[in-house]
Amino acid sequence: MNPDISKERKGASFDVEKLTHILDGAAEKTKRRREIESLVINDPDFKHEDLNFLSRSERYDRAVKKSAQIILKIREYGIADPDEIYSFKRVLLGNNIEPFGLHFVMFLLTLYSQCDPEQSKKWLPLAESLKALGTYAQTEMGHGTHLRGLETTATYDPATQEFVMNSPTVSSIKWWPGGLGKTSNHAIVLAQLHTHGKCHGLHAFIVPIRCMSTHKTLPGIVVGDIGPKFGFDEVDNGYLKLENVRIPRENMLMKYAKVEADGSYVKPPSSKLTYGTMVFIRSMIVGESARALSKACTIAIRYSTVRHQSELRPGDPEPQILDYQTQQYKLFPLMATAFAFHFVGQYMNNTYHRITGDISQGDLSELPELHALSAGLKAFTTWTTNAGIEVCRMSCGGHGYSRSSALPDIYVTFTPTCTYEGENTVMMLQTARYLMKSYRQVQAGQRLSGIVSYLNEAEQGRLQPRAVSSRPIVVDINDLSSLVEVYKLRAAGLVELAAKSIQEELQKRKSQEDAWNNSAIDLVRASDAHCHYVVVKLFSAKLGEIGDTAVHSVLSTLALLYTLHGITHNSGDFLQVGLLTVPQVLQVSVRLKELLSQVRPNAVALMDAFDYRDEMLNSSLGRYDGNVYEHMFDWARRSPLNRTEVHESYHKYLKPLQSKL
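Residues numbered from 1 in each chain as written. Predicted model: local features only at pLDDT ≥ 70, side-chain atom pairs only at ≥ 80, totals over all residues. Heavy atoms only, no water.

*Asks:* Help me get a handle on unusual backbone geometry, residues and values and all.
*Replies:* With phi around 70°, histidine 215 is a residue other than glycine that occupies positive phi space. Mapped onto the secondary structure, histidine 215 falls in the loop between β6 (198-208) and β7 (221-225). The exposure class of histidine 215 is partly exposed, given its relative accessible area of 34%. One non-glycine residue, phenylalanine 232, lies in the positive phi region at around 55°. Examined against the element boundaries, phenylalanine 232 turns out to sit in the loop between β7 and β8 (238-242). Here phenylalanine 232 falls in the buried class, since its relative accessible area comes to 15%. (Helix = DSSP H or I, 4+ residues; strand = E, 2+ residues; numbered from the N terminus. Buried < 20%, exposed > 50% of the residue type's maximum accessible area, 1.4 Å probe, protein only.)

Written out as structure tokens, the structure reads:
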């Protein structure tokens, strides 16, 4: 064990194990998670292999093999709980993605949520046994987030009681679905439903694309892999072109919307029910943001503990780079963010399951809020995490650029979340649409409930931005409840400013659409502030559930750090809405520096609480033992370029060149 990192752990002011239990949800869950992780790590069938030294085809081959092994091992070990299955996969996959991923999180989930009873009897056994191995084909080459713009068609033929599926244009070719290129034999295809000459909008259809016995492509199907990407080398993201493909009427998912045998259309109770799978994935991405950022922070903070660099004072030994205030300012707010997002992820998971339970009982009242919240938080957390991982990489200097650090892999694997399941700016605008609707309801005299209930104050005119010369509100920068109130008023103020911007545009005789577009920057700001308020509120609320004094103290410091850092980075908002003065913002900056020094003794222990095994991080820089340089050297020597003393290129090109010069 590196002595620097040992010293850090000995100096922690709290019990790491207790914090791990809080992150897992209970001591029993921690115990079970570790049991599952040990099953994987100690299983001789799961030979560890560094994928960085393999070609893309080899990486895909190994990933399919590993996915197949996972299925068999989960069955062998009798693991059935979804959280336990996720733990099993997480330790085995590390920072990589599995080709079967969309089968489980989108194909199977959509079948569960949108099949009617007869369809469930047919398709669930096939999908659960992986005889029907599926993906979710929504995005097209020409359209992604704008679902109404999707061009793929499903035209009902009453004479044969079939849907005729077509990709009418080049831009309508399905593009990007994971597992589509080579792995899947079925796809849930989102297409525009046409019956009796009328279009009824987007609906989901089960489309066989490959033979279930030979895996050969079926007639009318043009399918393949889209080629190398920025990351995701293990996944066969694919394209799908449909040429007059006929499927039975029963292949339309008909739990909510239906097409009768004669072609008559039965509307669903809510159009948003079709997008239930997307809402789930967006909710899940919030938790994934916490995991990706906490991994990156663990690596960067451990490395910053054992790395010594430069001098604070001439002649002194080189200090740990974590002792530099600039390094702390880079990493500690991100560490606090990882904890905040973890607790928000837990909240979103619980909320999703609660509301979907209500939906199954016919109560759709909270679906619009869930849709808006999942869209906004998906964008808010992924933008922050994507930028944060890169900060972690750069904070490790040149060594962070090496794939042995794992930071490049974490980055390229996480980056697509900013665009898949909804491009982030569009997601923020979807949340803004809900906020504007809520604001108008308040103006009309309605009382709001749920997370937007703070807008009720607009009815009394209490959200008006204060004049610069007016007396600011009293803010205690050491009191989280006071700061939560400030974040709430910032969100409310920016919502009102965005609403007034639209109104001003309309008064200029602009159309609703032009008024919206001309106010889009204000609308995104309002959504961002709304999401930021939700995160701060939930982080603060989580502290009330923690009984251990030492853990409560260190998490309170992190929550305060997260909240004050948000003020410094968005000081213009708080000043514009009149919530803070310039002297108060300067006070926040001073307090922020004090919090950095308070967090410093616990930094390593805080990241240890996430309990990532070395096999899961797969990072030379983030090793638990801190022996960074030994592992970096060992990793480099395994490079395929080092298998021969003299590379063949010398004899083929260099030697002949030298002889001619």
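*Asks:* Break down the pattern of salt bridges for me, with residues and values.
*Replies:* Applying the stated criterion across every chain, the model contains 45 salt bridges. Among the ionic pairs, glutamate 162 bridges to arginine 246, the shortest N-O distance being 2.9 Å. You can see glutamate 162 sitting in strand β3 (residues 162-166) and its partner arginine 246 sitting in strand β9 (residues 245-248), a full 84 residues away along the chain. Looking at glutamate 162, the relative accessible area reads 22%, which means it is partly exposed. Between arginine 638 and aspartate 634 there is a salt bridge, with the nearest N and O atoms lying 2.8 Å from each other. Taken together, the shared-partner salt bridges in this structure form one network comprising Glu17, Asp24, Arg33, Arg34, Glu37 and Asp611. (Salt bridge = Lys/Arg side-chain N within 4 Å of Asp/Glu carboxyl O.)

*Asks:* Can you break down the packing of helix α4 (residues 56-77) against helix α5 (residues 82-93) residue by residue, with the values?
*Replies:* It is the contact of α4 with α5, at a shortest axis distance of 11 Å, that shows an interaxial angle of 140°. Classified by the interaxial angle, the pair formed by α4 and α5 is oblique. Considering how the two elements wind past one another, α4 and α5 form a crossing that is right-handed. Listed contacts from α5 to Lys66, Ile70, Lys73, Ile74 and Tyr77 of α4 are Ile85, Phe88, Lys89, Leu92 and Leu93. Across the contact of α4 with α5, the residue classes break down as seven nonpolar, no polar and three charged. (Axes fitted to C-alpha atoms, helices over the stretch in contact; angles between N-to-C directions. Parallel < 35°, antiparallel > 145°, perpendicular 65-115°, else oblique. Left-handed = near helix turned anticlockwise from the far one by under 90°. Contact = heavy atoms within 4.5 Å. Nonpolar A, V, L, I, M, F, W, Y, C, P; charged D, E, K, R; others polar.)

*Asks:* Before we move on, can you summarise the environment of valine 486 with the specific residues and values?
*Replies:* For valine 486, the location among the structural elements is in helix α13 (residues 480-507). Classification of valine 486 by relative accessible area gives buried; the value is 1%. When the C-alpha atoms of valine 486 and proline 640 are compared, they prove to be 56 Å apart, with 154 residues separating the residues in sequence.

*Asks:* I'd love a proper account of the sheet that holds β8, names of residues and values included.
*Replies:* Whenever strands of a sheet pair, they do so through backbone hydrogen bonds, lying parallel or antiparallel. Reading across from one edge, β4-β8-β7 is the order of the three strands in this open sheet, with antiparallel pairing throughout. Single-partner strands in this sheet number two, and they are β4 (174-175) and β7. With two bridges joining them, β4 and β8 adopt antiparallel strand pairing. From the neighbouring strand, tryptophan 175 faces β8, where its bridge partner is tyrosine 239. (Pairing = 2+ DSSP bridges.)

*Asks:* Which residues make up α13, and what values go with them?
*Replies:* For α13, built from 28 residues, the straight-helix expectation of 40 Å at 1.5 Å per residue is met to within 8% by its first-to-last C-alpha distance of 40 Å. Burial runs high along α13: 20 of the 28 residues are buried. Arginine 509 sits one or two positions beyond α13 and adopts a positive phi of about 65°. (Expected span 1.5 Å × (residues − 1).)

*Asks:* Explain the nonpolar core to me, and be specific about the residues and the numbers.
*Replies:* In terms of nonpolar packing, the biggest core is built from 162 residues, with Leu19, Leu111, Met335, Phe339 and Leu558 touching the most fellow members. Among the elements that line this core, the one with the most residues is helix α8 (residues 276-306), at 16 residues. Counting residues in hydrophobic clusters, the runner-up holds 23 residues, among them Ala191, Val207, Ile209 and Val223. (Core = buried A, V, L, I, M, F, W, Y, C linked by side-chain atoms within 4.5 Å.)

*Asks:* Quick one: what's the story with the environment of lysine 66, residue by residue and with numbers?
*Replies:* With respect to the element layout, lysine 66 can be found in helix α4. Excluding residues that lie within four positions of it along the chain, lysine 66 makes contacts with Leu92 and Leu93.

*Asks:* Go over helix α22 (residues 648-660) with me, naming the residues and quoting the values.
*Replies:* When the terminal C-alpha atoms of α22 are compared, their 19 Å separation across 13 residues agrees well with the 18 Å that a helix rising 1.5 Å per residue should span. A bend of about 35° at leucine 654 is the largest found in α22, and the proline proline 656 appears one to four places after it. (Bend = angle between axes of the 7 residues up to and from the residue.)

*Asks:* Now, about the side chain of serine 87: what can you tell me, with residues and values included?
*Replies:* Among the secondary structure elements, serine 87 is positioned in helix α5. Classification of serine 87 by relative accessible area gives buried; the value is 8%. Aside from chain neighbours lying at most four places away, what touches serine 87 is Arg33 and Ile36.

*Asks:* A description of the packing of helix α9 (residues 325-360) against helix α10 (residues 367-395) should follow, citing residues and the corresponding values.
*Replies:* At a minimum axis distance of 10 Å, the contact between α9 and α10 shows a crossing angle of 155°. Taken together, the axis directions place α9 and α10 in an arrangement best described as roughly antiparallel. Helix-helix and strand crossings are classified by hand; for α9 and α10 the assignment is left-handed. Looking at the contact of α9 with α10, its residues break down into 16 nonpolar, nine polar and one charged.

*Asks:* Any chance you could break down the pairing of β9 for me, citing the residues and the numbers?
*Replies:* Of the two faces of β9, the one lined by Val245 and Ile247 is fully buried and the one lined by Arg246 and Pro248 carries no buried residue. With four bridges connecting them, β3 and β9 associate as antiparallel partners. Pairing of valine 164 across the sheet is with arginine 246, part of β9.

*Asks:* Can you explain the side chain of threonine 110? Please cite residues and give values.
*Replies:* Mapped onto the secondary structure, threonine 110 falls in helix α6 (residues 101-114). The buried category is assigned to threonine 110, whose relative accessible area is 0%.

*Asks:* Tell me what's going on with the environment of proline 117, and back it up with residues and numbers.
*Replies:* Locating proline 117 in the fold gives a position in helix α7 (residues 117-128). Owing to a relative accessible area of 63%, proline 117 belongs among the exposed residues under this scheme. Between the C-alpha atoms of proline 117 and methionine 254, which are 137 residues apart in sequence, the distance is 9.3 Å.

*Asks:* How would you summarise the packing of aromatic side chains if you had to cite specific residues and measurements?
*Replies:* Applying the stated criterion to the full structure yields 15 aromatic pairs. Their ring planes at 55° and their centres at 6.2 Å tell us that tyrosine 77 and phenylalanine 88 sit as a pair that is tilted. On the criterion of sequence distance, the pair formed by tyrosine 77 in helix α4 and phenylalanine 88 in helix α5 is long-range, its members being 11 residues apart. The exposure class of phenylalanine 88 is buried, given its relative accessible area of 0%. With centroids separated by 5.9 Å and ring planes inclined at 20°, the aromatic side chains of tryptophan 175 and tyrosine 239 adopt a geometry described as stacked. Note that tryptophan 175 is positioned in strand β4 and tyrosine 239 in strand β8, a separation of 64 residues in sequence. When its relative accessible area of 23% is taken as the criterion, tryptophan 175 is described as partly exposed. Ring pairing ties together the aromatic residues Phe46, Tyr77 and Phe88, which thus form one cluster. The ring of tyrosine 624 carries arginine 9 above its face, with NZ or CZ at 3.6 Å from the centroid. Directly above the aromatic system of phenylalanine 104 lies the positively charged group of lysine 89, at a separation of 3.7 Å from the ring centroid. (Phe/Tyr/Trp six-rings, centres within 6.5 Å; stacked < 30°, edge-to-face > 60°. Lys NZ or Arg CZ within 6 Å of the ring centre and 35° of its normal.)

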